[in-house]
Amino acid sequence: MIDELGCFTCSSLETLLALFYYRTTTLSHIIRTRETPLVPHLLVFISELLFTFLWVLHQAFRWRPVTRTVYPDRLPGDVKFPPVDVFICTADPSKEPSLGVMNTVISAMALDYPPDKLAVYLSDDGGSYVTLHAVREAWKFSKWWLPFCRKYELKTRCPGAYFSAGESSDGRFISCSEFMAEKKEIEKKYGEFKESLEKIVVNASSSASRDHAPIIEVMNDAVDSGQQEMPILAYVAREKRPSRPHHFKAGALNALIRVSAVISNAPYILVLDCDHYCNDPTSARQAMCYYLDPEISPKLAFVQFHQKFHNLSGHDLYDSRLNYYWRRWLGFDGLGRPSISGCNLYLKREALYGTKNIKNDIDLNHLKKSYGSSNELIRSISNKYEPRLSKDGKLTDTQAKEVERLASCDYDGLSEWGKEASLRSLLHRLRLCFLRITTQTRAKVVFYGDSLMSSLYELRMWMMKSASSYLYASLGAVLDKIGLHTAHFTLTDKAGDDEQARLYQEGRYDFQASPVLIAPICSLYIFNVVSFVVGMARIVQTKSGGEMLVQAFIPLFGVIVNYQVLEGMVLRKDRGRISASVSLLSAVIAIFVLCFGSLIFIY
């Protein structure tokens, strides 16, 4: 592999050296003779220098790619497994439908892990009545679903994904009459569960609140005998007030860290988005293969898992397999500093607290300065601390008051929580290679086993993102640095749309996004079309080829790769087409850029 990748790198380097030789000799000739305008050539050369710099940064990925394999069968018995807390964040049931969120919750509860060592926390930042009652219904259904998963060792433990897959997910039990009978009964229960969620949405407002007191509800089936067949399920809606900053998802996770510390205090935390269900029930055991390894565990802060989509079509128009990023993670890991994606990872609580080097005799007031005034939270920092619920599995009155205080909106402001904790140490893993925005040859995609069509979709999405989201992200970062813009968080709408799904399965793009995103893509496409037409006209007029023909090929390549933009602007009549107003706006922008470029060329 390394030899092949080395060949790609050497080939790219030779191409760049040849390009620089051409540019320097051309610029030297222009400066000497002044036959053609200097500015256009200089601008192109500067852009090529920028891309070369990014390419150099990109090479760090190839220095030492690492692939890891785990052997969960070699782990000690379940009794020696450390507890795991699962954090799931949601904020608005109107944008994040409760059925999808509850499927994620249930899949986390169904992890192949000792239930008495598993606790699932759902943070509802909207404090919605709908979400709270949906959690209660999910708890009821889980009492049927979890035993079914364990009995038949199901690999797909998200009920929505399992029942939509049909018989393909039943494995060796498909011919078992007992299994089929139980599956039919569970599927009926799941239908009743969905109906109950629909009734909740109809009978109650699904709007998210920005002004509410903390709400914490813990569900647990622990009994006097100590048997626990179900993991803890906790609903947490931290306090929010319009006058107090809440720091969006980061603030929600901070609240979950504090609240969970006095309920379960697991040393490891799985972080999930509300629409990222656990597709592999053994992921916790796989993570423990690293954390229970005495050689590498002291060096670890997190174990990152891939994000995958379960409903991809054969087209994968939007490059949703994310192969581009997963390949680079191999290089990140080889450099000793793997990337953190923000979810789908098992975090070490100790790494978040930054308590590894805290001495036992440290002054209590010093800890309160860092972690706040909660004695219970400070006690939880000790490795020997074990929170205990009452015999009925509920919070005691004292615990209830304590977790409400920890979930209050002013707890952060009374301490240095989040300022000096070693969350910053995770950021110090960011190295030179985390700064890249790069291009990549299509040959490497095929080398990794992907098809040519996958290569096309990946390239097309890179071009579209470069002209839209990357453009605005770069602009926003610059404005933020100079104090002219403040970054903010916008919740992604995760509600399904039948028309969008149909277009995706047919292999057609849905261009019904914001004009702010679509207009730059269309403008750049129009610009490339005009550049190609004008370039070919000049070639015919001057009867020249060679250099001009090569330059004309560049916009032609962009036009061919992104032909579906032309299709969306001109040919399509369905709802997913590019609107006439956006096409007109894009044409105006392209004409303005062309006129401005012509003035530079002339003068």
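For the protein chain, an unreviewed UniProt entry supplies the name Cellulose synthase-like protein G3 and the organism Sesamum angustifolium.

Draft legend 1. Examining a nonpolar patch on the surface more closely. Taken together, the side chains of Ile31, Leu38, Val39, Leu42, Leu43 and Ile46 present a nonpolar region at the surface, about 510 Å² in accessible area. The dominant element in the nonpolar patch, judged by the number of residues it contributes, is helix 2 (residues 38-58), at five residues. Turning to its location among the elements, Ile46 is positioned in helix 2. Residue Ile46 is classed as partly exposed on the basis of its relative accessible area, which comes to 47%.

Draft legend 2. The arrangement of the packing of aromatic side chains in detail. Enumeration over the complete set of coordinates arrives at 21 aromatic pairs. Residues Phe20 and Phe45 carry aromatic rings whose centres are separated by 6.1 Å and whose planes lie at 85 degrees to one another, so their mutual orientation is edge-to-face. You can see Phe20 sitting in helix 1 (residues 2-33) and its partner Phe45 sitting in helix 2, a full 25 residues away along the chain. With a relative accessible area of 14%, Phe45 lands in the buried category. An aromatic cluster of at least three residues, connected via ring pairs, comprises Phe141, Trp145, Phe148, Tyr152, Tyr162, Phe163, Phe179, Tyr190 and Phe193. The positively charged end of Arg74 is found above the aromatic ring belonging to Tyr71, 4.1 Å away from the centroid.

Draft legend 3. Spotlight on the UniProt feature "binding site: Mn(2+)" (unreviewed entry) in the protein chain. Feature annotation in UniProt places "binding site: Mn(2+)" (unreviewed entry) on Lys249 and Asp273, given in this structure's numbering. For this annotated set, covering 25 residues, all C-alpha atoms fall within 10.1 Å of each other, a compact arrangement in space. When you line up the elements, Lys249 lands in helix 7 (residues 248-261). In this structure Lys249 comes out as partly exposed when scored by relative accessible area, which is 25%. Looking at where Asp273 falls in the secondary structure, it is placed in strand 5 (residues 268-273). Those residues in contact with Asp273 that lie beyond four places of it in its chain are Ile88, Thr104, Lys249 and Cys343. Of the polar contacts made by the side chain of Asp273, one reaches the side chain of Lys249; its length is 2.4 Å.

Draft legend 4. Summary view of the sheet that holds strand 6 (residues 302-304). Read from one edge of the open sheet, seven strands run 3-4-2-1-5-7-6, paired in mixed fashion. Bordering the open sheet on either side are strand 3 (215-219) and strand 6, each of which pairs with just one other strand. Each neighbouring strand pair of the sheet contributes to a mean axis angle of 20 degrees, computed without reference to strand direction. Alignment of strand 1 (residues 84-90) against strand 5, held across six bridges, turns out to be parallel. Each bridged residue has a counterpart across the sheet, and for Asp85 the counterpart in strand 5 is Ile269. The strands that helix 7 touches are strand 1, strand 2 (118-124), strand 4 (232-237) and strand 5; relative to strand 1, the one it contacts most, it runs at about 145 degrees. Along the sheet, helix 8 (residues 283-291) makes contact with strand 1, strand 5, strand 6 and strand 7 (345-348), crossing strand 7 at roughly 40 degrees.

Each value, and the rule that gives it
- Residues numbered from 1 in each chain as written.
- Predicted model: local features only at pLDDT ≥ 70, side-chain atom pairs only at ≥ 80, totals over all residues.
- Heavy atoms only, no water.
- Patch = residues over 30% accessible without salt bridge, like charges linked within 9 Å, V, L, I, M, F, W, Y side chains within 5 Å.
- Areas by Shrake-Rupley, 256 points an atom, 1.4 Å probe, with all protein chains shown as cover.
- Salt bridge = Lys/Arg side-chain N within 4 Å of Asp/Glu carboxyl O.
- Helix = DSSP H or I, 4+ residues; strand = E, 2+ residues; numbered from the N terminus.
- Buried < 20%, exposed > 50% of the residue type's maximum accessible area, 1.4 Å probe, protein only.
- Phe/Tyr/Trp six-rings, centres within 6.5 Å; stacked < 30°, edge-to-face > 60°.
- Lys NZ or Arg CZ within 6 Å of the ring centre and 35° of its normal.
- UniProt positions renumbered as here; feature names shortened; annotations may be inferred.
- Contact = heavy atoms within 4.5 Å.
- Polar contact = N/O pair within 3.5 Å; in protein donor to acceptor, adjacent residues only side chain to side chain.
- Pairing = 2+ DSSP bridges.
- Axes fitted to C-alpha atoms, helices over the stretch in contact; angles between N-to-C directions.

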